[in-house]
Amino acid sequence: MSNHHRSKQTTAPAAAAAASSPEPVSMKKWTVGAIDSLRSRGTQNVDKIVCSHEYLSCALKIAHSLANQLSTVEQERAPHTEKSNTNNSLPMIEGSDKSWSEYIYISCMTKDGISTHNGNNDDKLDPGVMHNLSKQLSTLLENDNNQKFIDYLDVRGAIMNEGAVDGRPLSDNGKLEIRSLGIAFYELFSGGHLTVGAETLGHTAAESEVGEGDELFGNNPTKRRSLQSNTNLDNLSQVQSPSMASTSVEPLKLLGLPTALCDLISNMIVDSVDNGGTYGLISEVRDDLKLMIDSPNLYLQDVDLAKAVNVGLQFGGSLYGREAELQTLKECYQRSISSECEVAMICGTSGIGKSKLSREFARSVNDDGRSIFLSGRFDRLESQPLHAISSVFDKYCAWVTMEDHSTVEEVSTALKENMGEEIACLVTVMPNLANILGDDDDFNFNPSGKSEDTAVDAQKRLRYLFCQFVDVISRCHEEPLILFLDDCQWIDHASVALLNQILMMSGSAIKDHRFFFFGACRDDEMSESHPLNIMLTSMNCFGTKTVKIQLTSMSKDALNEMVSTELSLLPRITRPLANILHHKTKGSPLFVKQVMIELYKQRLLYPSLSRRRWVWETNKILDMKIPDNVATFITNTFDRLSFEVVSALVVLSCFGASAEISLIEVLEKEIEQPLIAPLDDAVAHSVLGKRNGKLYFMHDKLQEAAYSKMRPEERCLHHNRYGLALGFVAVREREDRLLLTAVTQINQGGPQAVIDDEQAVVVANLNLDAGKKAMNMSDFFTAYSFFDHGISYLRLRREHWNEHYDLSLELFNLASKCALMNAEHDSLKMLTDQIMYNARCFEDKFQAISVTGTLLNWSGNVPAAVELIKTTLSSLDEELPSAFTPFVIKKHLDNTKKQLAVLSDDTLLSYLTMVNPSKLFAVELLVKLYGSLTLIGERATQRIIPLKVIQISLTYGMSPHSPSAFAQYGSYLALIEDEFEEGYRYVKFALSLMKKIPSRAHDGSTLFWSTHTRIHIEPMQSSIECYLDAYKAHMKSGNTYAVASSSMYNNCCLWSGKELNAVVDSMKDTMKESKYHKNFVALTLMLPMFRVALRLIGQTDAPAPQQENLTNAFGETFSEGDNAGKYASLLHTMYFAKLSEALLFRELNEAEDAAEKYFSVDRLVGLPPVMFFGKFYSGLVSFWVARETDDRKELTKWIKRGVECKDKMEKLSVSASTWNFENKLYLLQAEEQFCSRNFETAETLYDAAILSSKMHKFVNEEALANELAGHFYLETGRRNKSLHYFSRAFDKYNEWGAVAKANSLTEYFDES
């Protein structure tokens, strides 16, 4: 390119590059120049130079470039070998005694940075570039004075000189060309100091036969054919020199070149099956060279023979043939942390590579440094409840304590502020959590406290606290948390419930995409009814997608990649071995690994000292008999272990996939059998691993194989023996975890292993203690299993109720409590029947009566539950009145007021705690009765119950239920008796008493009932947040009545004017939680309000939950109508929602119908917590209907109803709160004056309602007041003025978020 064609804007380096022309260097000149360049750096020895990284890198690039170009020609000629070469094909060298090396030219960079072919780093030179380079080569050959400074170590490729060769078709299927290229490579990699003739090499082929060193491995392989022997290649005599026929690569090895490279050259120039076989295509050469360039540490580094001999065959952690599955998992993770809620489950048979895939995923995300990876696994024989999940987060706590002080402080502070003292429950299952919390005098927690003292349902409480824990820690880190659980086919019921709630209810951790879960399971061992499958199915219903990643056997290519990598041999060489392994193992990764280890042990796969790589006996491997499955194969390999080692492995297998070394040491001492030393021997044989104080089987199939060494009829005896040995130590040393392990072992043996009645009683007591420990950890499934086993041992004696009454009663009582928690209702009935029949006194029946009443309520048989409770209360001398007339109610109310009148708050707070068991039980039953009556709407009876609880408390002391009774009493005084000041006093007292009572189990009820009164008296926008406090307190105690608090919060947010889109989101969360907890009553209460909210924001097409498809735990299908027909409170809510919606959207007929029904059930509702909303909207509808009716009787009826609602609002405004009710009163008064045609007064009241709504921050009611004022002016003939109010209403509805409602007002603007 001439200078005047060059762009003026070209920079100096670019201009120099553009001005340069290619300057290929002959291979001989390059080898000399490269060696001189490296010698100038201080290396004088040529042997060391040609083996250096710098020289090899350049030579490999040259070799690959040539092979790449020739393979292109090979591919083009293969289909039509008879056709002559074209300008687009590199021709073969004509018959000559010259080596190909004399026609090879290498392209380098010049010293000033100019590339000899424009700096292109790609070896794949297209034919046009090659043609131009050939012409430039010709010019170069003609002008040998063309000298430039060359950087011989910056190689960009190589090419053959077209001008010096003549085209010819491929000969002998390309073998001649491969051999010729191999000889060129020989000279290239030797640095040009070795030629191809045997007489110049200094070594003969005979000297390169198998060395004596191979005899160290007990092998005597067949002597290889001499590399100097004649090789018959078709037409070879036309073109080869005599020296080409016999070439040894031993001199290359002596130079120190990598064995793989020497073998590659040997396979190019020698027709032999040695070293992997002769190359058939140049493309094979190209591919092998590419692998050497890309993975030099794998393919160019010679095997460490000393290590291979001493250590044996070792496998790395690489993943083979799972690229697609790994990508699927990564994509699922990315979606989960960016936009979607997804979980993943890796499925496949044992040994298929599930765990390895998870480790590779962990490595990839950890390398990115953008996540915190937590992992654990389930064990079929694990005895500790929730161990797999709790141990994961315990490891997290240990990790945090190892971080810098600021991280520890941040996590500690966040946990204390968000979870308070309840976090002590988690310290029990996560001991390292205590190290995060530290010693803080202001933070007093007692992790050893009994769960039943602070929880209604300890199991549900623990799940909630776990969710809170995950939520809090996820917000303490910028990186997402990733949780992986392996072997999920062995997940227990308690862990399923916990994991499900973590995934479904973990708040911001899920919503903000800061938490990702994936697991692994053997799906072939799981039925459709497996708890995990049920959980994954249910999660889809809640909008969380499950991605199933199915792993199958490795393909032949993937298996060859594995063998190639593990043996550090090129894939072309290992393919025959890989094909044999694939045939025998069907591609199971674990099976392949075990077979290869066995091949090494039998010296059929071994490191060769002479060949400096792994070699194998193909024929013997083909003849080797291998079982069809890996389990049988592994079992058979145990036969070569010593009896002592196998015996120790059998003992270890009884404890699952792993066991603490400390436990094995204790057992070794107790049963007086060598264990530790033999198990260390098993570690040396790669049967076991040893890490972090644990011994573990290298794969669960190994554990299963060891376990199968016991005869089935003997297994029970082994488990019983080991369990009893550990059990006595656990009791003596008071080791809780050891106790659980011991009792699990005993129960694995079962009653058939018990030797006598005395031992049966001992084992029953051990099960009782273990069950209590499990209950304290809130695992009622495991606890029930322990109690049930304990009962089974007692039943070995028919007279156990007589001979061991206390033990029997306690086991049956605790088992019945667990059965209730686990919804095992058939078992529950059987247990309670036994208690009722065998109990020696009425007090011993308390537990059975309590759980039976709960069961009747849960199963929908509320009348039967009410009757049982009333009968029991009568037996406890706390009989309720036979008739609940207004006189009787007033009498109880007056008596309670009289008793409280002489007692100050301080005096009441100083009352002692109730200790009388009968009275405690009576109070418990009264609380249950209150809940039952709420469902069926027995308003009169319901009002007496808190009065009765207070009277018992004043006589016998305060119980855990006393604070909620005072809160109910305060609400009764305020909302029913209109004694707001006195009612508010007792609500505040209830909150003070709640803090004094040690138990936190019923704080949620106290907060819930007290908030009913507080939202009437305190500013509503702030006081409704107390429902959230009630929700949290309920959840912390495991009381799923929490959703009622959440439901009340959402309803109050809706009608108090909080932004609608946020309200809708909160409602969705509450309904999701209600569905999760199968609280269909709460869900039905939410649905009507949810649909109103959706319509207001314009999402009428948004799918509401399909209530018709929901089924409760007892198989009863619910629909909105069925529930509403059964429960008055649901009817009340449903009709209120319908009338308010009809009012807002001006649907008169629907409003009238809904209001009629609303008034019919209003009198049935016991204590409507937010009745003022209903009074307000039903009053507005009443005045509207009255204005529209022509029937005088109907007019009077509706006016009367409206006035009653207005009067109630006036009482609330005067006695309760001007803030909350003044604007509502003004609007009802305005509507009343509109009906009475007092238009001037109505105008004033509409404006007052608008102003009061604005001042008190009820934006929804400000919008409604403006709209109703607009209708008032429109109907009184003042259209222009109405437009002013409609316009303001439009703005306020939009401010509220009710865009659909706002848009409905545009019709009035259009009419103008």
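For the structure itself, consult the block above.
The following paragraphs examine the structure supplied in this document. (Residues numbered from 1 in each chain as written. Predicted model: local features only at pLDDT ≥ 70, side-chain atom pairs only at ≥ 80, totals over all residues. Heavy atoms only, no water.)

Considering the overall build of the protein
Inference 1: Summing up its helical and strand segments, the protein has 63 helices and 13 strands in all.
Inference 2: Taken over 1312 residues, the protein has a buried fraction of 57%.
Inference 3: Partitioning the contacts of the protein with sequence separation of at least 6, the portion at a separation of at least 24 is 72%.
Inference 4: In the structure as shown, the protein presents an accessible area of about 55200 Å², 48% of it carried by carbon and sulfur atoms. (Helix = DSSP H or I, 4+ residues; strand = E, 2+ residues; numbered from the N terminus. Buried < 20%, exposed > 50% of the residue type's maximum accessible area, 1.4 Å probe, protein only. Contact = heavy atoms within 4.5 Å. Areas by Shrake-Rupley, 256 points an atom, 1.4 Å probe, with all protein chains shown as cover.)

Quick look at the sheet that holds strand β7 (residues 515-521)
Inference 1: In spatial order, the strands read β5-β6-β7-β4-β8; together these five strands make up an open sheet with parallel pairing. Both edges of this open sheet fall to β5 (372-377) and β8 (545-550), since each of them pairs with a single strand only. Adjacent strand axes in the sheet meet at a mean angle of 20° when their direction is disregarded. (Pairing = 2+ DSSP bridges. Axes fitted to C-alpha atoms, helices over the stretch in contact; angles between N-to-C directions.)

Focus on the nonpolar core
Inference 1: Judged by nonpolar contacts, the single largest core of 236 residues is most densely connected at Trp30, Phe185, Phe189, Leu426, Leu433, Phe469 and Leu649.
Inference 2: With 11 residues, helix α37 (residues 805-821) is the single largest residue contributor to this core.
Inference 3: With near-sequence residues (within four places) excluded, Leu433 lies in contact with Asp394, Cys397, Leu415, Ile423, Leu426, Val427 and Phe469.
Inference 4: Counting residues in hydrophobic clusters, the runner-up holds 143 residues, among them Ile889, Ile944, Phe1159 and Ala1186. (Core = buried A, V, L, I, M, F, W, Y, C linked by side-chain atoms within 4.5 Å.)

Considerations on the sheet that holds strand β2 (residues 104-110)
Inference 1: Read from one edge to the other, the open sheet built from three strands follows the order β1-β2-β3, with strand pairing classed as antiparallel. Every interior strand has two partners, whereas the edge strands, β1 (25-26) and β3 (150-160), have only one.
Inference 2: Here seven bridges tie β2 to β3, and the two strands are oriented antiparallel to one another. Note on β3: the bridge partner recorded for Ser107 is Gly157.
Inference 3: This element, helix α2 (residues 27-39), spans β1, β2 and β3 of the sheet and lies at about 160° to β3.

Section: the pattern of salt bridges
Inference 1: One pass over the full model with this rule turns up 47 salt bridges.
Inference 2: Between Asp978 and Lys1208 there is a salt bridge whose closest N-O contact spans 2.8 Å. Residue Asp978 is found in the loop between α45 (962-975) and α46 (980-996), and its partner Lys1208 is found in helix α57 (residues 1192-1216); the two are separated by 230 residues along the sequence.
Inference 3: Residue classification places Asp978 among the partly exposed positions, given a relative accessible area of 24%.
Inference 4: Taking the relative accessible area as the measure of exposure, Lys1208 reaches 14% and is therefore buried.
Inference 5: Linking Lys1301 and Glu1267 is a salt bridge whose minimum nitrogen-to-oxygen distance equals 2.7 Å. Residue Lys1301 is found in helix α62 (residues 1299-1304), and its partner Glu1267 is found in helix α60 (residues 1259-1275); the two are separated by 34 residues along the sequence.
Inference 6: Residue Lys1301 is classed as buried on the basis of its relative accessible area of 1%.
Inference 7: One network of salt bridges, with partners in common, ties together Glu1156, Glu1194, Lys1197 and Arg1201. (Salt bridge = Lys/Arg side-chain N within 4 Å of Asp/Glu carboxyl O.)

A short note on the pairing of β7
Inference 1: A large share of β7 lies buried, amounting to seven of its seven residues.
Inference 2: Relative to β7, strand β4 (residues 342-347) is paired through four bridges, and the arrangement is parallel. Paired with Met345 across the strands is Gly519, a residue of β7.
Inference 3: Here five bridges tie strand β6 (residues 481-486) to β7, and the two strands are oriented parallel to one another. The partner of Leu483 across the bridge, within β7, is Phe517.

Comments concerning the pairing of β2
Inference 1: Counting buried residues in β2 gives seven out of seven residues, a clear majority hidden from the surface.
Inference 2: Bridge count between β1 and β2: two bridges; the pairing is antiparallel. By the bridge assignment for β2, Val25 is matched with Ile106.

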